[in-house]
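Below, each chain spelled out in residue letters.
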Amino acid sequence: MITILLLLLAYLIGSLPSGLWVGKLFYNIDIREHGSGNLGGTNTFRTLGKKAGLVVTIMDILKGTAATLLGSLAIFEATNVHPLILGIIAVIGHMFPIFARFKGGKAVATSGGLLLGYNWPIFVILIIGFFIVLKLTKMVSLTSMILSIVAVIYSVIYYFTVDKDWPLIIIVVLLAVFIFYRHRANIKRIKAGTEPKVTWI
């Protein structure tokens with residue numbers, strides 16, 4: 001029962017619709033009715049501005065981190081659920097949130113939070129890489145997909161040089177699949193040359 005509770009909590013944490021709540025509570029706007037209709041940080045930036053976008057992005061990151069670290073709490077230590085399992089469940093919750101009719105974000109920020117909670121150096125590398133690649137591409141979607149591939153490469157290098165952490169490789173590959181799948185419409189727009197570009201970097 002404790003294991004089930006732990007897994008459920010991870011999903012519920014991931015399901016917290018940060019963008020929806022920030023939009024409705026502070027701006028009286030449902031961001032699902034604006035821009036891309038997505039609940040993630042990128043649409044929040046476009047719809048509500050930099051401050052709201054930054055807050056939502058941080059909240060989404062922390063959801064992944066919190067879920068990944070859940071198992072370290074004393075009440076759950078005996079369950080032995082791998083932290084990456086908790087993190088990936090939170091990411092699924094973010095994509096399909098029970099609190100927002102199962103229509104959530106694109107998994108990028110919460111995936112980053114998972115990595116922050118499990119292997120913080122990769123998170124730091126990805127954050128730095130994100131701004132470098134975004135500066136070059138001007139597209140958040142393309143940058144996110146490129147960085148998901150970088151994460152896979154990192155996990156493989158980490159396996160052969162530091163620690164044979166095969167669960168990390170599996171989860172990072174799965175996260176990359178999620179990110180590419182959730183960006184299907186973006187990929188079509190990128191090919192057509194109609195994908196929105198950021199102007200602040």
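In this report, we go over the structure that sits alongside the text. For every chain, the first residue of the written sequence is number 1, and numbering continues from 1 along that sequence. In view of the model being predicted, local features appear only for residues whose pLDDT reaches at least 70, and side-chain atom pairs are presented and counted only at 80 or more, with totals across whole chains, interfaces and linings using the full set of residues. Side-chain calculation: all heavy atoms of the structure are included, whereas hydrogens and water are not.

## Focus on the packing of aromatic side chains
Centres within 6.5 Å make a pair out of two Phe, Tyr or Trp rings, where for Trp the six-membered ring is used; the pair is then stacked when the planes are under 30 degrees apart, edge-to-face when over 60, and tilted otherwise. Tallying each qualifying case throughout the model produces 4 aromatic pairs. Judged by centre distance (6.5 Å) and plane angle (45 degrees), the ring pair of Trp21 and Phe99 falls under tilted. Of this pair, Trp21 sits in helix α2 (residues 18–27) while Phe99 sits in the loop between α5 (83–95) and α6 (108–118), and the two are 78 residues apart along the sequence. A ring pair is formed by Phe130 and Phe131, whose centres lie 5.8 Å apart and whose planes are at 90 degrees; its orientation type is edge-to-face. Here, a charge over a ring is recorded when the distance from Lys NZ or Arg CZ to the ring centre is within 6 Å and its angle to the ring normal is within 35 degrees. It is Arg182 that lies over the ring of Phe96; its NZ or CZ is 5.2 Å from the centre. If you follow Arg184 out to its NZ or CZ, it ends over the ring of Tyr181, 3.9 Å from the centre. Helix and strand definitions here come from DSSP, where helices need a minimum of 4 consecutive H or I residues and strands a minimum of 2 consecutive E residues; each element is numbered from the N-terminal end.

## Examining helix α7 (residues 120–137)
Each residue after the first adds 1.5 Å to the expected span of a helix. Here α7 is 18 residues long and its end C-alpha atoms lie 25 Å apart, about the 26 Å a rise of 1.5 Å per residue gives. Buried, partly exposed and exposed residues are distinguished by accessible area as a fraction of the type maximum, computed with a 1.4 Å probe on protein chains only: under 20%, between the cut-offs, and over 50%, respectively. Those residues of α7 that fall on the buried side of the exposure criterion are Ile122, Phe123, Leu126, Gly129, Val133, Leu134 and Thr137. Axial view of α7: buried residues confined to an arc of 135 degrees, hence all on one face. Contacts between residues were defined by any pair of non-hydrogen atoms, one from each residue, lying within 4.5 Å. Those residues of α7 hidden inside the fold are in contact with α4 (50–69), α6 and α8 (140–161). Positive backbone phi, at 65 degrees, marks Lys138, one or two positions downstream of α7. What the arc covers is the set of directions going from the helix axis to the C-beta atoms.

## As for the packing of α6 against helix α9 (residues 166–182)
In contact at an axis separation of 10 Å, α6 and α9 are set at 165 degrees when each is read in the N-to-C sense. The angle between α6 and α9 falls in the class roughly antiparallel. The way α6 lies across α9 gives a crossing that is left-handed. When α6 is examined against α9, the residues Val108, Ser111, Leu114, Leu115 and Tyr118 are found in contact with a partner set consisting of Leu168, Ile171, Val172, Leu175 and Ile179. Looking at side-chain class alone, the contact of α6 with α9 contains 9 nonpolar, 1 polar and no charged residues. Comment: axis = line fitted to C-alpha atoms, over the contacting stretch for helices; angle = value between 0 and 180 degrees taken between N-to-C directions. By definition in this entry, angles of less than 35 degrees are roughly parallel, angles greater than 145 are roughly antiparallel, angles of 65 to 115 are roughly perpendicular, and the rest are oblique. Rotating anticlockwise by less than a right angle from the far helix to the near helix defines a left-handed crossing, while the corresponding clockwise rotation defines a right-handed one. Each residue is assigned to one of three groups, with Ala, Val, Leu, Ile, Met, Phe, Trp, Tyr, Cys and Pro labelled nonpolar, Asp, Glu, Lys and Arg labelled charged, and all others, Gly among them, labelled polar.

## Here's the deal with the pattern of salt bridges
Any carboxyl oxygen of Asp or Glu that lies within 4 Å of a side-chain nitrogen of Lys or Arg is treated as forming a salt bridge with it. If you walk through the whole model with that rule in mind, you get 3 salt bridges. Between Asp60 and Lys63 there is a salt bridge, with the nearest N and O atoms lying 3.4 Å from each other. One end of the pair is Asp60 and the other is Lys63, both in helix α4 and 3 residues apart, which spans about a single turn. Residue classification places Lys63 among the buried positions, given a relative accessible area of 5%. In this structure, the salt-bridge partner of Glu195 is Arg189, at a minimum N-O distance of 2.8 Å. For Glu195, a relative accessible area of 7% puts it in the buried group.

## Some remarks on unusual backbone geometry
Of note in the backbone geometry, Asn28 takes a positive phi value of approximately 55 degrees without being a glycine. Within the fold, Asn28 resides in the loop between α2 and α3 (41–48).

## Observations regarding the nonpolar core
In terms of nonpolar packing, the biggest core is built from 32 residues, with Leu70, Val91, Leu114, Leu115, Leu175 and Phe178 touching the most fellow members. Take this core: its biggest share by element is 7 residues, from α5. Apart from residues no more than four positions distant in its own chain, Phe178 is found in contact with Ile88, Val91, Ile92, Met95 and Ala107. Core analysis: the next-biggest nonpolar cluster, separate from the first, contains 8 residues, Leu20, Leu39, Leu48 and Ala52 among them. In this description, a nonpolar core means a group of buried Ala, Val, Leu, Ile, Met, Phe, Trp, Tyr and Cys residues linked to one another through side-chain atoms lying within 4.5 Å.

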